[in-house]
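Here is how the chains run, residue by residue.
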Amino acid sequence: MGGLATRFARPPDCKRVAGFTEPQESRHAYHYLYGVNTGYATGSDVYGFSALDGMITTIWDAGGYDVIDLSGATYAVDLDLAEGAFSTVAATGSNNLAIAFGTVIEDAIGSGFDDRIVGNDAANRLTGGSGDDELTGRGGVDIFGFAEGWGNDTITDFVVGEDQLDFAGAGLSFANLDITSFGGDTLIAHLGDSVTLLGVATIDESNFVFA
């Protein structure tokens with residue numbers, strides 16, 4: 001298990017103080033005064049739904065390949081992997097989860113609901129789950145993953161020739177996909193599921209992963 005700051009079992013109605021929730025502000029102040037513990041949570045850690053659900057907490061992780069896995073969530077989540085960013089992993093309220101400055105999370109897995117997932121400047125793997133999700137990679141060469149019955153997703157910043165669409169989990173091939181362009185965007189569809197690439201006029205097989 002990686003690094004979670006002090007957690008408060010109270011409703012996630014946290015108010016921002018100079019841009020921080022209480023645990024994020026405390027963690028930032030501690031790092032400023034005493035330095036960063038670069039030996040803490042250096043492995044490959046998984047931060048699951050049960051540890052984050054409704055808890056006001058900050059993730060501090062000093063290294064490794066790390067994952068926030070919210071596939072077990074019972075509601076839609078709003079997840080931002082950027083350092084210093086706030087996310088909502090709570091049935092009520094907002095901004096209960098913070099990513100500490102200096103922490104890099106590489107992988108995010110959403111719920112079965114309509115999520116919003118935003119990456120950071122690292123090479124991320126973002127998987128929305130089975131809802132109608134909005135995915136944003138930000139910087140880095142990103143992989144967007146899709147499994148069978150992934151829903152109707154939107155990718156806001158896909159970069160042709162850099163980012164990848166991974167359909168290995170859906171058991172599909174390029175020939176299984178119906179790809180059309182409209183209004184400067186691209187729609188990739190299979191049966192009742194789809195991915196819309198905003199601002200992408202054309203795409204070819206080199207942008208896909210199938211195995």
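Just so it is clear, the structure is predicted and the values come from calculations on it, not from any experiment. (Residues numbered from 1 in each chain as written. Predicted model: local features only at pLDDT ≥ 70, side-chain atom pairs only at ≥ 80, totals over all residues. Heavy atoms only, no water.)

Asker: In this structure, what is going on with the overall build of the protein? I would like to understand it.
Answerer: Counting secondary structure elements, the protein contains two helices and 17 strands. Within the protein, buried positions represent 49% of all 211 residues. Considering only contacts in the protein between residues 6 or more positions apart, those separated by 24 or more positions represent 44%. (Helix = DSSP H or I, 4+ residues; strand = E, 2+ residues; numbered from the N terminus. Buried < 20%, exposed > 50% of the residue type's maximum accessible area, 1.4 Å probe, protein only. Contact = heavy atoms within 4.5 Å.)

Asker: How should the sheet that holds strand β5 (residues 86-87) be read in this particular structure?
Answerer: Backbone hydrogen bonds hold the strands of a sheet together, and the pairing may be parallel or antiparallel. The strand order across the open sheet built from three strands is β2-β6-β5, with neighbouring strands paired in mixed fashion. Of all strands in the sheet, those bounded by a partner on one side alone are β2 (57-59) and β5. As paired elements, β5 and strand β6 (residues 97-99) share two bridges and run antiparallel to each other. The residue of β6 that forms the bridge with serine 87 is leucine 97. (Pairing = 2+ DSSP bridges.)

Asker: Explanation requested: unusual backbone geometry in the structure shown.
Answerer: Trans is the prevailing form of peptide bonds, just as negative phi is the prevailing case for residues other than glycine. Here the phi dihedral of asparagine 95 falls at roughly 60°; this positive angle occurs in a residue that is not glycine. Counting through the fold element by element, asparagine 95 comes out in the loop between β5 and β6. Residue asparagine 95 is classed as buried on the basis of its relative accessible area, which comes to 19%.

Asker: Any chance you could explain the packing of aromatic side chains here in plain terms?
Answerer: Ring pairs (aromatic) are described by centroid distance and by the angle formed between their planes. For the coordinates displayed, the defined rule picks out 10 aromatic pairs. Ring centres of phenylalanine 174 and phenylalanine 210 lie 6.5 Å apart, and the angle between their planes is 70°; on these two criteria the pair is classed as edge-to-face. You can see phenylalanine 174 sitting in the loop between β13 (164-166) and β14 (178-182) and its partner phenylalanine 210 sitting in the segment after β17 (208-209), a full 36 residues away along the chain. Taking the relative accessible area as the measure of exposure, phenylalanine 174 reaches 27% and is therefore partly exposed. (Phe/Tyr/Trp six-rings, centres within 6.5 Å; stacked < 30°, edge-to-face > 60°.)

Asker: What is the right way to look at the environment of phenylalanine 144 in this model?
Answerer: Structurally, phenylalanine 144 is set in strand β11 (residues 143-145). Owing to a relative accessible area of 0%, phenylalanine 144 belongs among the buried residues under this scheme. Residues phenylalanine 144 and leucine 165, 21 residues apart in the sequence, show an inter-C-alpha distance of 5.0 Å. Discounting residues that sit within four places of it in the chain, phenylalanine 144 has contacts with Leu126, Leu135, Gly137, Ile155, Asp157, Phe158, Asp163, Gln164, Leu165 and Asp166.

Asker: What am I meant to see in the pairing of strand β15 (residues 185-190) here?
Answerer: When a strand is regular, its side chains alternate between the sheet's two faces. Here five bridges tie β14 to β15, and the two strands are oriented antiparallel to one another. Note on β15: the bridge partner recorded for threonine 180 is leucine 187. Connecting the antiparallel pair β14 and β15 is a turn made up of two residues, with glycine 183 showing a positive phi of about 55°. Hairpin remark: β15 followed by strand β16 (residues 193-197), antiparallel, with two residues in the connecting loop; positive phi at leucine 191, about 50°.

Asker: Looking at this structure, how should I read the side chain of threonine 88?
Answerer: In this fold, threonine 88 is placed in the loop between β5 and β6. Looking at threonine 88, its side chain comes within polar contact range of the main-chain nitrogen of asparagine 95, at 2.9 Å. Not counting the four nearest positions on each side in its chain, threonine 88 is found in contact with Val77, Asp78, Gly93, Ser94, Asn95 and Asn96. (Polar contact = N/O pair within 3.5 Å; in protein donor to acceptor, adjacent residues only side chain to side chain.)

Asker: Please clarify how the sheet that holds β14 should be interpreted in this entry.
Answerer: Read across the sheet, seven strands follow the order β4-β8-β10-β12-β16-β15-β14 without closing on themselves; strand pairing throughout is mixed. Two strands in the sheet have a free side with no partner beyond their single neighbour: β4 (78-80) and β14. Averaged over all pairs of adjacent strands, the angle between their axes in this sheet comes to 15°, without regard to strand direction. Where strand β8 (residues 116-118) lies against strand β10 (residues 134-136), three bridges are found, and the strand directions are parallel. Looking across to β10, one finds that isoleucine 117 is bridged to leucine 135. (Axes fitted to C-alpha atoms, helices over the stretch in contact; angles between N-to-C directions.)

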